[in-house]
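Residue strings, one per chain:
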Protein chains: 2
Amino acid sequence: MKLYSYFRSSAAYRVRIALNLKGLPYEYAPVHLLRDGGEQLKPEYRRVNPEGVVPTLVDDAQQPIQQSLAIIEYLDETHPEPPLLPGTAIDRAHVRSIALQIACEIHPLDNLRVLRYLKHTLRVDDAAKDAWYRHWIESGFATLDARLADDPRTGTLCFGDTPTLADLCIVPQVFNAHRFSIDMTRYPTLQRIYEHAVQIDAFARAAPGAQPDAE
Amino acid sequence: MKLYSYFRSSAAYRVRIALNLKGLPYEYAPVHLLRDGGEQLKPEYRRVNPEGVVPTLVDDAQQPIQQSLAIIEYLDETHPEPPLLPGTAIDRAHVRSIALQIACEIHPLDNLRVLRYLKHTLRVDDAAKDAWYRHWIESGFATLDARLADDPRTGTLCFGDTPTLADLCIVPQVFNAHRFSIDMTRYPTLQRIYEHAVQIDAFARAAPGAQPDAE
């Protein structure tokens, strides 16, 4: 398998954790999002990912798959051990809804192309752009932290003590929050889950700083 | 089952289609997103949906489920007929990636709370706010339409001729595009799929104008 990735992309980070947890070796194909106007927008890359975003997974049958959560569900279906979703439908819905809260409500607003639109089209200054970035993380984390703190299913990780799709989304998002110096003492459950997860080898090896294209 | 919904919410619209396709009767609980500062932000609603967004599905065991795609996967697992995902892992990944392209790359940017932030915090004028709204639909539709036009799996609907999760996401997003007078002749495959889908009874009954809280 081959993963088109950028070390700092949180969507790619999610998939790297999944591949590591499943014990699947893969070729790392770096796509530099900032260099030369963005390698993700070049025609060569658009052939595997028409949207021009990372990640893309190309499976052993040479089929490209786009969108991190679709890739992770695919890996979980084709390589079921260890499972990344719980055993019952209602628990799977719980885990997926946490993952989607990050993937649909927080992460899309802080994407590179959105920040670029704010800066270049709306002429928003750097302070307002940073405030935007923090706003979506902070408002999302506030409800997510309360929800996890209240749920009896929460353990050392999001769902008990075994990594699930939810942890794969939380860890990269908390990593970004740290990069932007967001005060994580306000989100103690998320911070605690993050600290526990990054000790796990599969998460540690997926971290941005551990990638071949890290700067 | 009970669905907390707002007639114009495209995420709720997706779930309404799924419930109709599965032939599942449900109680419709309207949550008015604009009235009285937003009913979705009131403490009563936050008990079933801490994020304060629609939809929420409360299943027959009184368990609330948040996030439209998690709800639809749950319905598909607990009521498998007719299936909303194809029979093979690679085709499921294809359908999920189309759904996620809309749910993660287009829809979040045009959400009510985002448009409010643009207006009230960034003081963006109405023309620039409308341009923002169109930009994310148009840039997303351009790549999505090309992708669907090129894929041999595309039929009268996104994946052959049977409704899948992808159609459940495309129809509400095209509906919004029409509302904002986006020129759909530039996205002929999406428009063709939309026109075909809205003839199907389960889609027609889920349309915003057919809901009890329609204005």
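Residues numbered from 1 in each chain as written. Chains lettered and ligands numbered in written order. Predicted model: local features only at pLDDT ≥ 70, side-chain atom pairs only at ≥ 80, totals over all residues.

Draft legend 1. Representation of the pairing of strand β1 (residues 2-5) of chain A in the model. Residues and elements named next belong to chain A. As paired strands, β1 and strand β2 (residues 27-30) are joined by 4 bridges and run parallel to one another. Across the sheet, the residue bridging to Leu 3 is Tyr 28, located in β2. Each parallel crossover has a hand, and for β1 linked through helix α1 (residues 10-21) to β2 it is right-handed. (Pairing = 2+ DSSP bridges. Helix = DSSP H or I, 4+ residues; strand = E, 2+ residues; numbered from the N terminus. Right-handed = clockwise from strand over helix to strand, strands pointing away.)

Draft legend 2. Here's a closer look at the relation of the copies chain A and chain B. Here chain A sits on chain B after a turn of 180° about the axis and a move of 0.0 Å along it, with an RMSD of 0.0 Å. Such a combination of rotation and displacement between the chain copies is what one expects of a two-fold axis. Within chain A, the C-alpha atom positioned nearest to the axis of rotation is that of Cys 104 of chain A, 2.4 Å from it. (Least-squares fit on C-alpha atoms with pLDDT ≥ 70 in both.)

Draft legend 3. View of the sheet that holds strand β4 (residues 64-66) of chain B. All names here are of chain B. Strands sit in the order β2-β1-β3-β4 across an open sheet of 4 strands; the sheet is mixed. What marks the edges here is a single partner per strand, and that holds for β2 (27-30) and β4. Strand after strand, the sheet turns through a mean of 20° between neighbouring axes, direction not considered. By the bridge criterion, 3 bridges tie strand β3 (residues 56-58) to β4 in an arrangement that is antiparallel. Bridging from a neighbouring strand, Val 58 pairs with Pro 64 of β4. (Axes fitted to C-alpha atoms, helices over the stretch in contact; angles between N-to-C directions.)

Draft legend 4. Region of interest: the sheet that holds β2 of chain A. Residue and element names in this part refer to chain A. Within the open sheet, the 4 strands sit side by side as β2-β1-β3-β4. Their pairing is mixed. Edge positions in the open sheet fall to β2 and β4 (64-66), since each of these has one partner strand only. Averaged over all adjacent pairs, the angle separating strand axes in this sheet is 20°, with direction ignored.

Draft legend 5. Examining the interface of chain A and chain B more closely. With 34 residues of chain A at the interface, the matching set in chain B holds 34 residues. Of all the elements in the fold, those that place two or more residues in the side of chain A that touches chain B are β4, α3 (68-78), α4 (89-106), α5 (112-121) and α6 (126-150) of chain A. When residues of the side of chain A that touches chain B are assigned to their parent elements, the largest contribution, 11 residues, is made by α4 of chain A. Residues of the side of chain A that touches chain B, tallied by class, amount to 19 nonpolar, 8 polar and 7 charged. (Contact = placed C-beta atoms within 7 Å. Nonpolar A, V, L, I, M, F, W, Y, C, P; charged D, E, K, R; others polar.)

Draft legend 6. Up close: helix α7 (residues 165-179) of chain A. Residue and element names in this part refer to chain A. End to end, α7 covers 22 Å across 15 residues, agreeing with the expected 21 Å (1.5 Å per residue, within 8%). Taking burial as the measure, the 15 residues of α7 include 11 buried ones, the bulk of the element. Along α7, the residues that are buried comprise Leu 165, Ala 166, Asp 167, Leu 168, Cys 169, Ile 170, Val 171, Pro 172, Gln 173, Val 174 and Ala 177. Taken together, the buried residues of α7 touch α1, α3, α4, α6, α8 (188-197) and α9 (201-204). (Expected span 1.5 Å × (residues − 1). Buried ≥ 20, exposed ≤ 12 C-beta atoms within 10 Å, placed from the backbone.)

Draft legend 7. Local environment of the domain arrangement of chain A. Residues and elements named next belong to chain A. As assigned here, chain A comprises domain 1 (2-82) and domain 2 (89-202). Just the C-alpha atoms count here: the centres of domain 1 and domain 2 sit 20 Å apart. Contacts between the two partners involve 10 residues from domain 1, matched on the other side by 13 residues from domain 2. Looking at which element gives the most residues to the side of domain 1 that touches domain 2, the answer is α1, with 7 residues. Across the side of domain 1 that touches domain 2, the residue classes break down as 7 nonpolar, 2 polar and 1 charged. (Domains from an automatic or database assignment.)

Draft legend 8. Region of the structure containing unusual backbone geometry. Note the cis peptide between Glu 81 of chain A and Pro 82 of chain A, where omega equals -15°. Counting through the fold element by element, Pro 82 of chain A comes out in the loop between α3 and α4. Notably, Gln 62 of chain A is not glycine yet its phi reads approximately 70°, a positive angle. Here Gln 62 of chain A lies in the loop between β3 (56-58) and β4. One non-glycine residue, Gln 67 of chain B, adopts positive backbone phi at about 75°. The exposure class of Gln 67 of chain B is buried, given the 29 C-beta atoms found within 10 Å.

Draft legend 9. View of the confidence of the model for chain A. Confidence along chain A averages 96 in pLDDT terms, with 100% of residues attaining 70 or more. Across the assembled chains, the prediction reports ipTM 0.97 with pTM 0.97. (pLDDT = per-residue confidence, 0-100.)

Draft legend 10. Geometry of the packing of α1 of chain A against α7 of chain A. Residues and elements named next belong to chain A. Between α1 and α7, whose axes approach to 9 Å, the crossing angle comes to 135°. In terms of their interaxial angle, α1 and α7 are classed as oblique. The interaxial crossing formed by α1 with α7 has right-handed handedness. Between α1, through Ser 10, Tyr 13, Arg 14, Ile 17 and Ala 18, and α7, the contact on the second element is made entirely by Leu 168, Cys 169, Val 171, Pro 172, Gln 173 and Asn 176. (Parallel < 35°, antiparallel > 145°, perpendicular 65-115°, else oblique. Left-handed = near helix turned anticlockwise from the far one by under 90°.)

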